[in-house]
Amino acid sequence: MADPEGAAGSTYERLVLTNTSRVTCTLLGFPGVSYLNSAGHQVGAAATRTGPAAAPLTLAPGGTASATLRIVHPGIQEGCDQPGQTTVVTALRVYPPGSRTALRRTLSDETACTSASVQQLSVTALTR
């Protein structure tokens, strides 16, 4: 995660994926993103995809690609504006496009909406 910026009830951050292998890889599309609680269970809805699809990205070892992650702050959306409709989250789970293996980014002091009908996360396609 990099370059956080706030805007009227939301935070936008760059979600950066780095090719840590010794071989070239190709990525196409949108990462899958969701919140996890301390037990490793998903909290709320997974991120929706926003914006156009992108062209395939070929990453050499050490190469990076990024997507923009929008996080809507709890408490401003219907279904997440009353006591008991949020909970503490401890990580973001990120699936690179085409992968069935998730990456995790630890979070601290974060809360999220528990309802799967509240869209609190959205993500763009990966680009350079």
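What comes next is a walk through the structure. The structure displayed is predicted, hence computed values, not measured ones.

Rules behind the numbers
- Note that residues are indexed from 1 along each chain, following the sequence as it is written.
- Local features in this predicted model are restricted to residues whose pLDDT is 70 or higher, and side-chain atom pairs enter the listing and the counts only when it is 80 or higher, whereas totals over whole chains, interfaces and linings include all residues.
- Excluding hydrogens and water, the side-chain figures rest on all heavy atoms present in the structure.
- Only DSSP runs of H or I with at least four residues qualify as helices, and only runs of E with at least two residues qualify as strands; both kinds are numbered from the N terminus onward.
- Here the radius of gyration uses the C-alpha set of atoms, whereas the globule reference equals 2.2 Å times the residue count to the power 0.38.
- Exposure classes here rest on a 1.4 Å probe applied to the protein chains alone. A residue is buried below 20% of its type maximum, exposed above 50%, and partly exposed in between.
- Contacts between residues were defined by any pair of non-hydrogen atoms, one from each residue, lying within 4.5 Å.
- For accessible areas, the Shrake-Rupley method is used with a probe of radius 1.4 Å. Any residue's cover is judged against the shown protein chains and nothing else.
- Positive: Lys, Arg. Negative: Asp, Glu. His and the chain ends are not part of the count.
- Taken as the charge location is NZ of Lys, CZ of Arg, CG of Asp or CD of Glu.
- The disulfide definition used here is simple: a pair of cysteine sulfur atoms within 2.5 Å.
- Two N or O atoms count as a polar contact when they lie within 3.5 Å, although within protein this holds only if one can serve as hydrogen donor and the other as acceptor, and sequence-adjacent residues are included solely when both atoms are side-chain atoms.

### Focus: the overall build of the chain
Point 1. Helices and strands together make up the secondary structure of the chain, namely 0 helices and 11 strands.
Point 2. If you list the helices and strands of the chain from N to C, you get β-β-β-β-β-β-β-β-β-β-β.
Point 3. Over its C-alpha atoms the chain spans a radius of gyration of 15 Å, differing by no more than 12% from the 14 Å that the globule rule assigns to 128 residues.
Point 4. With the C-alpha coordinates aligned to their principal axes, the bounding extent of the chain is approximately 50 × 30 × 25 Å.
Point 5. Within the chain, the fraction of its 128 residues that count as buried is 36%.
Point 6. Nonlocal contacts in the chain, meaning residues at least 24 apart in sequence, comprise 75% of its contacts between residues at least 6 apart.
Point 7. For the chain, the exposed area adds up to about 7200 Å²; of that, 49% sits on carbon and sulfur atoms.
Point 8. On the chain, the mean spot of the 9 positive side-chain charges and the mean spot of the 7 negative ones are 17 Å from each other.

### Considering the side chain of serine 122
Point 1. In this fold, serine 122 is placed in strand β11 (residues 121–123).
Point 2. Using a relative accessible area of 13% as the deciding quantity, one classes serine 122 as buried.
Point 3. Dropping the residues within four chain positions of it, serine 122 is found in contact with Ala47, Thr48, Thr50, Thr68, Leu69 and Arg70.

### Some points on the environment of alanine 60
Point 1. Structurally, alanine 60 can be placed in the loop between β7 (57–59) and β8 (64–72).
Point 2. Residue alanine 60 is classed as partly exposed on the basis of its relative accessible area, which comes to 42%.
Point 3. As for alanine 60 and threonine 24, which are separated by 36 residues in sequence, their C-alpha atoms are 4.4 Å apart.
Point 4. Once you skip the residues sitting within four places of it in the chain, alanine 60 turns out to touch Asn19 and Thr24.

### Re the state of the cysteines
Here, disulfide denotes a covalent bond that connects the sulfur atoms of two cysteines.
Point 1. On inspection of all chains with the given rule, the structure shows 1 disulfide.
Point 2. A sulfur-sulfur separation of 1.9 Å characterises the disulfide bridge that pairs cysteine 80 with cysteine 113. Taking the torsion about the sulfur-sulfur bond, which here is approximately -90°, the covalent link between cysteine 80 and cysteine 113 counts as left-handed. Taken together, the positions of cysteine 80 in the loop between β8 and β9 (86–95) and cysteine 113 in strand β10 (residues 103–113) put the pair 33 residues apart, joining distant regions of the chain. The same class applies to cysteine 80 and to cysteine 113, which are both buried.

### Remarks on the side chain of threonine 11
Point 1. Note on placement: threonine 11 falls in strand β2 (residues 10–18).
Point 2. One polar contact links threonine 11 to histidine 73, side chain to side chain, over a distance of 2.7 Å.
Point 3. Every residue in contact with threonine 11, bar those within four places of it in the chain, is listed here: Pro4, Glu5, Gly6, Leu69, Arg70, Ile71 and His73.

### A look at the environment of threonine 50
Point 1. Considering the arrangement of structural elements, one finds threonine 50 in the loop between β6 (48–49) and β7.
Point 2. For threonine 50 and arginine 22, which are 28 residues apart along the polypeptide, the C-alpha to C-alpha distance reads 31 Å.
Point 3. If near-sequence neighbours (up to four positions away) are discounted, threonine 50 is found in contact with Phe30, Ser122, Val123, Thr124 and Ala125.

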